[in-house]
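# Overview (structure and organization)
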Amino acid sequence: MNETTETKPQRSRAAKWTRRGVIGAGVLAGGALVIGVAVRTGNPVGKLKPIVAPGQDEALVNSWVKINADNIVTAIVPHCEMGQGANSTIAQMLADEMDVSWDNVRVMDAPADGNYVSQHAARMFVGPGTLPDKPNQVGFMEPTYDGLFTQVAKLASAYITGGSSSVRSTGQNGMRIAGAAAREMLIAAAASEWGVPTGEIATSDGMLTHASSGKTATYASLAAAAAEQDLPRAPRIKTADEYKLMGTAAPRKDIPSKVDGTAIFGVDGGPDGEDLRYAAVKAPPVVGSSVASMDASNAKRMGGVLQILNMGDFVAVVADSYWQAQQALNTIETTYTKTEIDHLDSEQMFANYTAALDEAGDSGGKSKANYGDAADALINAAKTVEAEYRVPFLAHATMEPMNCTAWVRDGKCDIWTGTQVPLMSRDGAAEGAGVSADDVTMHTVFLGGGFGRRLTPEYANQAARLAKATGYPIKMIWSREEDTAQDFYRPADISRFSGGLEENGKLVSWNNIHCTDDEPAEAPLVEFYDIPNVAIRGAEVEPPLRLGAWRSVAHSQHGFFVESFVDELAHEAGKDPVEFRRELLANSPRHLAVLNGAAEMADWGSELPEGHGRGIAIARSFGSIVAEVAEVDMTDDKPRVVKMYCCVDAGFAMNPDGLTAQMESGIVYGLTAALYDEITIKNGAVEQSNFHDYHMMRMDDAPEIAVQIINGAPDNLGGAGEPGLPPAAAAVTNAIFAANGQRIRELPIAKHFA
């Protein structure tokens with residue numbers, strides 16, 4: 001869609017600045033300053049104003065942040081809130097750089113209209129090597145990268161929340177710069193008006209003060225004058241010792257509405273005043289199949305049923321309520337087209353994986369890391385150790401099942417859904433509704449859990465298709481059974497290891513081959529360990545289920561694989577598991593500090609009750625280093641995790657309470673999968689259906705969790721949402737071995753204690 005203004009377009013003030021996250025500024029008609037990191041050059045006022053600044057006395061110029069006339073600062077954040085608290089932390093970073101009171105800060109979700117893509121997130125996902133080491137560094141290639149990745153972000157619809165990236169990309173390299181620029185422009189405006197040097201003006205809590213003259217002013221009162229100041233090319237970013245809000249447990253802005261019940265989640269959303277209809281859906285159980293026939297004779301006679309549709313790739317019932325729709329759907333008899341995997345089960349799938357590993361042998365497959373001479377070092381080692389590990393497919397099991405409300409009319413489409421990719425969902429809805437993406441309005445809502453599941457747009461496409469086909473505004477809700485059967489799963493995998501030890505127990509050879517492609521590619525790597533000879537390879541397999549990003553992605557399985565094998569090597573070397581790792585981490589000081597932190601928290605080496613064991617594991621993922629110690633009670637007929645000790649170095653904890661909460665959450669999510677869960681296949685279809693056969697950890701089984709934070713690299717932030725998960729499984733299985741000598745090499749743990 002072309003963007004126009006009533007007057008002749010003027011070159012944006014942001015356009016002349018080719019800094020990372022180009023800075024732009026302007027004034028609301030009511031006297032409020034708007035300033036921020038421009039999402040692109042040009043002037044999107046016409047499109048953004050009705051959404052971001054709808055008041056009659058407001059106007060908008062490219063911006064992530066606005067200061068209203070009442071001195072309230074609003075951060076416009078291009079990420080989704082799904083319980084992780086990142087949007088609040090990003091606003092906290094901006095407020096600190098601006099010297100604004102946290103009480104006067106608000107958070108607004110950026111509109112999903114294509115203008116608020118995050119080029120910082122795009123750079124992290126597509127070109128991580130292009131991000132600066134520190135915020136606001138001036139680099140020779142910055143202008144080129146900014147332009148490139150803004151376009152990449154737009155083409156890829158990169159309004160994305162995932163990869164534990166929000167704070168360390170948009171927050172560190174976008175919002176902090178916007179806040180610092182606003183503060184410098186306000187100071188310059190005050191200096192000009194008061195006739196004093198800028199260096200004599202202090203800022204605090206949204207106020208400017210000149211001590212010797214006694215003059216003070218609110219930010220809002222100088223907004224118009226500030227907008228006339230030259231844009232700072234490289235605003236000065238605070239150092240860690242200057243932080244006032246960053247590094248504190250500032251209360252999250254999303255919590256009050258979740259406590260009082262006013263928060264709107266996807267399942268709550270919809271058009272006001274419209275008579276919604278509800279849809280329940282069921283897709284073919286086997287990947288690649290479609291609906292061959294449908295007998296809906298019983299469903300047609302049920303109360304409240306309005307329409308029954310065979311959409312080819314799924315069947316739907318539309319009714320006056322969701323319960324009526326789901327009950328009617330349950331009576332429909334369907335048959336499906338045949339596929340090549342109709343007779344496949346989990347046992348045969350793993351046999352295929354084993355055959356792929358056997359075919360790759362000692363040197364085949366795709367090389368993922370190769371330095372030194374791992375094969376030769378293994379041959380000449382004093383002792384060799386071999387092990388094979390296995391993990392199943394895993395579902396996401398978000399608290400809120402997939403759902404979407406769609407309203408298609410007059411060539412337009414409105415969508416209410418919880419999604420980690422609003423622009424991709426917009427595109428999916430546009431395809432389903434048969435309209436242009438520019439004619440789709442995405443209504444932002446909270447997500448009832450994401451964990452990577454809501455990185456796909458298929459449910460928005462389904463809802464839009466149903467709304468178009470029926471003529472109703474449709475609220476489509478997946479049952480828990482549908483949610484479990486139609487997920488995009490964490491891959492199942494088999495990983496084989498062989499390692500070589502010298503006489504003194506030093507690890508000199510590391511050989512690993514596994515079956516899945518890794519996302520991220522670093523997941524199976526062990527470069528932080530001092531191992532001179534390493535070979536890591538992947539064998540090619542064809543998974544029978546749809547795969548997707550699952551919390552911590554490939555780190556979830558490789559954390560278990562790698563740290564289980566390290567523990568086995570320690571045992572064969574006759575060394576304590578912590579001491580063995582300490583020797584391997586001698587050249588990785590941040591890792592070593594985290595390992596020692598977790599060991600000290602758990603009082604490693606002290607006496608435990610009879611039947612108890614401790615296990616340790618460490619992993620680096622998404623820029624954060626996490627070590628965990630599990631204490632497990634094996635005195636009953638099944639393992640009970642009593643305590644989890646977690647030490648994390650995320651570079652710098654912008655909000656320690658938020659980082660702690662994410663570590664606790666990642667641990668519980670990881671323990672749930674490690675202890676109980678697997679998705680199995682029979683006749684090509686998923687066997688599990690609900691929480692009776694795909695279990696969640698309950699409160700009475702949850703361990704006591706202690707978290708310690710190390711701020712080991714303030715300018716090099718790591719993620720929070722996922723890094724707590726990868727060490728959890730290995731810490732527990734290593735603790736089981738310490739307690740009773742039983743080595744668990746296949747998850748879930750429960751299958752070994754039936």
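- In the annotation of an unreviewed UniProt entry, the entry for the protein reads Molybdopterin-dependent oxidoreductase, and the organism field reads Pontixanthobacter aestiaquae.

## Points about the overall build of the protein
- When its secondary structure is counted, the protein shows 19 helices and 28 strands.
- Here the protein holds 754 residues, and the buried ones make up 58% of them.
- Within the protein, contacts between residues at least 6 apart in sequence are counted, and of these 76% link residues at least 24 apart.
- Split by element, the accessible area of the protein, about 29400 Å² in all, is 50% carbon and sulfur.

## Concerning the pattern of salt bridges
- Inspection of the entire model under this criterion finds 33 salt bridges.
- Ionic pairing is found between glutamate 572 and lysine 383, a salt bridge with its closest N-O pair at 3.5 Å. Of this pair, glutamate 572 sits in helix α15 (residues 555-572) while lysine 383 sits in strand β15 (residues 383-391), placing them 189 residues apart in sequence.
- When the shortest N-O distance is used, the salt bridge between glutamate 458 and arginine 453 registers 2.7 Å.
- A relative accessible area of 17% means that glutamate 458 is categorised as buried.
- Taken together, the shared-partner salt bridges connect Asp96, Asp99, Arg183, Lys238 and Lys244 into one network.

## Overview of the packing of aromatic side chains
- Evaluated as defined, the whole model comprises 13 aromatic pairs.
- Relative to tyrosine 529, the ring of phenylalanine 528 lies with its centre 4.7 Å away and its plane at 45°, an arrangement referred to as tilted. For the pair shown, phenylalanine 528 and tyrosine 529 are each scored as buried.
- Between the NZ or CZ atom of arginine 390 and the centre of the ring of phenylalanine 350, over which it lies, the distance is 4.4 Å.
- Over the aromatic face of tyrosine 669 sits the side chain of arginine 551, whose NZ or CZ is 5.5 Å from the ring centroid.

## Some remarks on the sheet that holds strand β6 (residues 201-204)
- Judged by pairing direction, the sheet is antiparallel, and its 3 strands sit side by side in the order β6-β7-β8 without closing on themselves. In the strand order of this sheet, the two ends are held by β6 and β8 (215-218), each with one partner. Going across the sheet, the axis of each strand differs from the next one's by a mean of 20°, ignoring polarity.
- Bridge analysis of strand β7 (residues 207-210) against β8 gives 4 bridges, and the strand direction is antiparallel. Its bridge partner being in β8, methionine 207 is matched across the sheet by threonine 218.

## Focus on the pairing of strand β17 (residues 412-416)
- Most of β17 sits out of view: 4 of its 5 residues are buried.
- Connecting the antiparallel pair strand β16 (residues 403-409) and β17 is a turn made up of 2 residues, with aspartate 410 showing a positive phi of about 55°.
- Pairing of β17 with strand β18 (residues 440-443), which is carried by 4 bridges, proceeds in the parallel orientation. Residue pairing in the sheet places tryptophan 416 in a bridge with histidine 443 of β18.
- Note on the crossover from β17 through helix α12 (residues 422-433) to β18: the handedness is right-handed.

## Notes on the sheet that holds strand β24 (residues 624-633)
- What the 4 strands build is an open sheet, ordered β23-β24-β25-β28; its pairing is mixed. Each edge of the open sheet is held by one strand with a lone partner, namely β23 (612-621) and β28 (704-710). Each adjacent strand pair in this sheet contributes to an overall mean axis angle of 15°, direction not counted.
- As defined by bridge partners, β23 adjoins β24 across 10 bridges and the pair is classed as antiparallel. When the sheet's bridge partners are listed, alanine 619 is paired in β24 with valine 626.

## Notes on the nonpolar core
- Residues Met98, Leu208, Cys413, Leu466 and Met476 are the most contacted members of the largest nonpolar core, which totals 82 residues.
- Here this core gets 11 residues from one element, more than from any other, and that element is helix α5 (residues 166-194).
- If you look at the next biggest cluster of nonpolar residues, it comprises 68 residues, including Ala369, Ala650, Ile667 and Val732.

## Re the environment of glutamate 579
- With respect to the element layout, glutamate 579 can be found in helix α16 (residues 577-584).
- With 17 residues separating them in the primary sequence, glutamate 579 and asparagine 596 have C-alpha atoms 9.7 Å apart.

## Quick look at the state of the cysteines
- Under the defined criterion, the tally for this structure stands at 0 disulfides.
- We note that cysteine 404 lacks a disulfide partner, and the nearest cysteine sulfur, in cysteine 413, lies 7.7 Å from it.
- Classification of cysteine 404 by relative accessible area gives buried; the value is 0%.

## Here's the deal with the environment of methionine 82
- With respect to the helices, strands and loops of the structure, methionine 82 is situated in the loop between β4 (73-77) and α2 (86-98).
- With 336 residues separating them in the primary sequence, methionine 82 and glycine 418 have C-alpha atoms 8.3 Å apart.
- The residues contacting methionine 82, other than those within four sequence positions of it, are Thr161, Gln420, Leu447, Gly449, Gly450 and Phe451.

## Let's talk about the packing of helix α18 (residues 656-675) against helix α19 (residues 728-740)
- Contact geometry for α18 and α19: axes closest at 8 Å, N-to-C directions at 55°. Taken together, α18 and α19 sit at an angle that is classed as oblique. In this structure, the crossing between α18 and α19 has a hand that is right-handed. Taken together, the residues of α19 that come into contact with α18 (itself represented by Ile667, Gly670, Leu671 and Ala674) are Ala728, Ala729 and Val732.
- Looking at the contact of α18 with α19, its residues break down into 6 nonpolar, 1 polar and no charged.

The rules we used
Residues numbered from 1 in each chain as written. Predicted model: local features only at pLDDT ≥ 70, side-chain atom pairs only at ≥ 80, totals over all residues. Heavy atoms only, no water. Helix = DSSP H or I, 4+ residues; strand = E, 2+ residues; numbered from the N terminus. Buried < 20%, exposed > 50% of the residue type's maximum accessible area, 1.4 Å probe, protein only. Contact = heavy atoms within 4.5 Å. Areas by Shrake-Rupley, 256 points an atom, 1.4 Å probe, with all protein chains shown as cover. Salt bridge = Lys/Arg side-chain N within 4 Å of Asp/Glu carboxyl O. Phe/Tyr/Trp six-rings, centres within 6.5 Å; stacked < 30°, edge-to-face > 60°. Lys NZ or Arg CZ within 6 Å of the ring centre and 35° of its normal. Pairing = 2+ DSSP bridges. Axes fitted to C-alpha atoms, helices over the stretch in contact; angles between N-to-C directions. Right-handed = clockwise from strand over helix to strand, strands pointing away. Core = buried A, V, L, I, M, F, W, Y, C linked by side-chain atoms within 4.5 Å. Disulfide = S-S within 2.5 Å. Parallel < 35°, antiparallel > 145°, perpendicular 65-115°, else oblique. Left-handed = near helix turned anticlockwise from the far one by under 90°. Nonpolar A, V, L, I, M, F, W, Y, C, P; charged D, E, K, R; others polar.

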